[in-house]
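Understanding the architecture of this molecule
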Amino acid sequence: MALRGGSSLLTRGTRHPVFRSWSGVRSYRFLPSSYHLEDVWQKRLTTPLMRDIRIEEFYVELRKKFEADKSGSPLDMDIFANGVVQPDSLLHLEELLAYFRKSRNTKFMRRSTSDAVVRAFMDQGYYEELMKIIDNKVIYGIFLDYYTANLLMDKSLELKRYPDAVRVAIDFMLQEDFGHPLTRNLSLYSCLAFLQNPDWTALAPLNPPVPPPDTGEEVLVYVPFLKNEFFDDHFDLTDPKARLGKTLMTAGAQSNDLLGRSARLMGAGLYKKWEKGVKILTNLNTASADNGTVLSEAVDSFLEALKQQPEPPEDEKVAAERLSWVGKAEELQRSLRPAGKLKEGKLLDLAEAEVKKVVEQSAETDISTQQSLYEKWMTQRENEVNRQMRQFELTERLKQLQAKRQQLQAEEDVLFFFERKNQWEKMLSPEARRSLLDQQVRDGSHYDYRVEDPAYHVEQIKPPTTWTKTRYWKTHQDKYDEKKKAIIERFGADSLY
Amino acid sequence: MPLRIVGRQSTLSGKYLFEILRNLKDFGIGRIVTRSLLERYPEPCYYLVRDVRPIMDPEGKFGLMDADVVFRGKNLGTQVVSTGFKADWKLVPKDEEASYTSQMKPDAKELPRKRVVPAAVPFPPVLRRLLTDEARKSGKDVTTEPILPLTLLRGPQNYPIQEGVEAPLGAASSPGNPINTILPQSMAGHLLISNVFGNKRKFKKKKFNA
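Residues numbered from 1 in each chain as written. Chains lettered and ligands numbered in written order. Predicted model: local features only at pLDDT ≥ 70, side-chain atom pairs only at ≥ 80, totals over all residues. Heavy atoms only, no water.

So, the pattern of salt bridges
Residues and elements named next belong to chain A. Quick reminder of the rule: When a carboxyl oxygen of Asp or Glu lies within 4 Å of a side-chain nitrogen of Lys or Arg, that pair is called a salt bridge. Secondary structure elements are defined from DSSP: runs of H or I of at least 4 residues count as helices, runs of E of at least 2 residues count as strands, and each element is numbered from the N terminus. Buried residues are those whose accessible area, probed at 1.4 Å on protein chains only, stays under 20% of the maximum for their type, while exposed residues exceed 50% and partly exposed ones sit between those limits.
Tallying each qualifying case throughout the model produces 34 salt bridges over all chains. Notably, a salt bridge pairs Glu-330 with Lys-307, separated by 2.8 Å at the nearest N-O pair. One end of the pair, Glu-330, is in helix α16 (residues 316-336); the other, Lys-307, is in helix α15 (residues 296-307), and 23 residues separate them in sequence. Among the residues examined, Glu-330 registers a relative accessible area of 24% and is labelled partly exposed.

Rendered as structure tokens:
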């Protein structure tokens, strides 16, 4: 892993120049400044638990713990992520996240952890590193929620880091989770804003698979079965154009309005789903005048993508098919225009207006729900720590009591040794008893003081018993008889035979 | 090429289960996955993820999943799925989930079967000749063709619908069979193989000498 080799974070120094300290005023593209919930977020550091924490020492301890038992505690991880306020700790956070992801407890990662990670990196202005973490689910396992995604997308738009905003949108496309109107519209806006001046190299995969070093020597790796090549057209998508196109399609499919339809059509062009694009156009042709409108910009971009020669050049068969789609799409475009279904206007402006509208509608509720969530997480964290502390104290107390009990027992054994000499000797094995007796006879020290006891009788040393069926039967005969009796009483004598 | 992987060829196409699930939020709890091996059935077959026990190995090969298993339109309940190491798992996109689940009615436990087989078939030539000869000798009507009623074996995976037969196993040869009213020319009651050849298959008890 690259993390162990050295610092990826600190040496690169990619802190964004527009960084402002968290105590300053925040500015956003669309969201109100109250959306950041600065005060509520800072409140987490005022609790006695977080106040006392020393993050460097905590890191060392956590690291030791991870290396010892390979399964970290989700609570520790959460506390660490929430405690990060300095850029130096971000590297440690990244490292611990990777450790935690490898453990089986990763399933129990708290929702607040991913929130805290995103906010920690955002507050320090390390956007590139944050994108790397969000992009690689296998190594870090950070999944965004609607609130942090909105925050991140809006901040990226404000800083004009359009590829970052698009990456967040793509993340939601991969999760197929555009349930929140604000997230959906911000994603659409981010993609369209990126498309104004697209730099596709900036959207290249962040964690490309590393080919093994070529040593010139062929190494044979034996496996039971070879895995066939498989392309799922979702997680395996690496082409930035296709990813962005699919994002536009999935986000646009959530709402059947002018923006949604246009985005879907544009996305089909980028994603090279010609059939789906032409289907959208035919649906528009048959739909009513209200539900059948689309921006001519989207149709033009779809046709442009359709007519474009791909590189490297495709087969003749594929090219012929594509040309047939071109004919159909152009015909549909010609029929849409006189029906008044092709609207003029810019898609980006439409998306911007939609985002502004949605912000007015849902920002308030988002803020209130997130505020209550932060407070809930804070109390939950405190309660959980208190519970675990209490548990720890109890186990410690129990250990102390057990030690005390053992000590008392030892003292009692010493004090009452001669009274219990019988019992001690009984605990010996027959051979040891015999040898002890011989020793005492040889010494002349043998005196069987037990003869003074009127209830004393000499125990015979029995030969070792071997287990046989009849012996077992004889020893347990009473038990069997009882069972038999019970069965006969309940079911009758016939039931036994 | 420094690495060369050697192994037997596989007929499966897809991914390991946890190769998919570890990319999803909450390990895909609530999502639907399916196997390419089950695509050959016309009825819906899928797994609705309920809980996971990941191992987090680098390939995503190992781990257990608790899922609501639906096999050929039949809900088998929540089961532990341990076949995640087979490389033929697929994630069902959310917009296609309805096509899997809509066929499953919430109250019905399974889909009605539509595998209809004939209730009776014509006899093979030699048997037919024998029977018609026998009928002619005894002075019966020989213009109608004799028909052999079929008795099908039924099991948990095999329960076809027979035309006109609603009763289960072995009902086709019973005298009260509705087939006699539907197919008047059938000689279902008295045209058993045992009637033709005599009951030769007698069960012999084996004796063991101790």
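Details of the side chain of Asp-66 of chain B
All names here are of chain B. Put simply, the rule reads: Contact definition: two residues touch when any of their heavy atoms are within 4.5 Å.
Counting through the fold element by element, Asp-66 comes out in strand β4 (residues 63-71). We classify Asp-66 as buried; its relative accessible area is 16%. The residues contacting Asp-66, other than those within four sequence positions of it, are Leu-48, Val-49, Arg-50, Asp-51, Arg-53, Thr-78, Gln-79 and Val-80.

With respect to the interface of chain A and chain B
Worth spelling out the cut-off: Take the accessible area each of two parts loses on contact, using a 1.4 Å probe, and add the two losses: that sum is the buried area. Any N or O atom pair separated by 3.5 Å or less is treated as a polar contact, with the protein-specific requirement of one donor-capable and one acceptor-capable atom, and with residues adjacent in sequence counted only for side-chain atom pairs. Charged means Asp, Glu, Lys or Arg here, nonpolar means Ala, Val, Leu, Ile, Met, Phe, Trp, Tyr, Cys or Pro, and polar covers whatever is left, Gly included.
With 36 residues of chain A in contact, the opposing surface of chain B contributes 36 residues. For the pair chain A and chain B, the summed buried area comes to about 3300 Å², and 55% of that belongs to carbon and sulfur atoms. On inspection of chain A and its partner chain B, the count reaches seven salt bridges. The salt bridge involving Lys-15 of chain B is made with Asp-232 of chain A; its shortest N-O contact spans 3.2 Å. For the interface between chain A and chain B, the tally reads 21 residue pairs in polar contact (both at pLDDT 80 or more). Contributing elements (two or more residues each) for the side of chain A that touches chain B: α6 (88-102), α10 (162-175) and β1 (219-225) of chain A. Considering every element that reaches the side of chain A that touches chain B, the biggest residue donor is β1 of chain A, with seven residues. Tallied by class, the residues present in the side of chain A that touches chain B amount to 16 nonpolar, five polar and 15 charged.

Focus: the layout of surface pockets
Our working rule: Points on a 1 Å grid over protein atoms alone make up a cavity when a 1.4 Å probe fits among them but cannot get out, and a pocket when they form an open set with protein on both sides within 12 Å along at least five of seven lines; lining residues each have an atom within 4 Å of a point. Grid points are joined across faces, edges and corners, and a volume is the space filled by probe spheres set on the points.
Computed from the structure, the second largest pocket encloses a volume of approximately 1100 Å³. Lining the second largest pocket are 40 residues, with Lys-246 and Lys-276 of chain A together with Pro-93, Asp-95 and Glu-96 of chain B positioned closest to its centre. Put simply, the parts of the chain that give the lining of the second largest pocket at least two residues each are α12 (240-252), α13 (258-271) and α14 (274-286) of chain A together with β6 (89-91) of chain B. At six residues, α14 of chain A tops the list of elements feeding residues into the lining of the second largest pocket. For the lining of the second largest pocket, a count of residues per class yields 16 nonpolar, seven polar and 17 charged.

Some words on the nonpolar core
Across soluble globular proteins, nonpolar side chains have a tendency to be buried as a group. Using the following cut-off: Among the buried residues, those of types Ala, Val, Leu, Ile, Met, Phe, Trp, Tyr and Cys that are joined through side-chain atoms within 4.5 Å form a nonpolar core.
Leu-93 and Leu-248 of chain A together with Leu-21 and Met-65 of chain B are the most contacted members of the largest nonpolar core, which has 108 residues in total. Ranked by the residues each element gives to this core, the list is headed by helix α17 (residues 347-415) of chain A, at 11 residues. Apart from the residues within four sequence positions on either side, Leu-93 of chain A is in contact with Met-77, Phe-80, Ala-81, Val-84, Val-117, Ala-120 and Phe-121 of chain A. Core analysis: the second largest hydrophobic core is formed by 24 residues, Leu-265, Ile-280, Ala-298 and Trp-325 of chain A among them.

Regarding α14 of chain A
All names here are of chain A. How we decide: Any helix carries an expected span of 1.5 Å times its number of residues minus one. Directions pointing from the helix axis toward each C-beta atom define the arc.
Under the 1.5 Å per step criterion, the end-to-end length of α14 is 19 Å for 13 residues, consistent within 8% with the ideal 18 Å. Every buried residue of α14 is listed here: Trp-274, Gly-277, Val-278, Ile-280, Leu-281 and Leu-284. Down the axis of α14, the buried set is contained in an arc of 150°. They therefore lie on one face. With respect to the buried face of α14, the exposed residues turned more than 90 degrees away are Glu-275, Lys-279 and Thr-286. Those residues of α14 that are buried are in contact with α13, β2 (294-295), α15 and α16.

Keep in mind that these numbers describe shape and distance, not what the molecule does.
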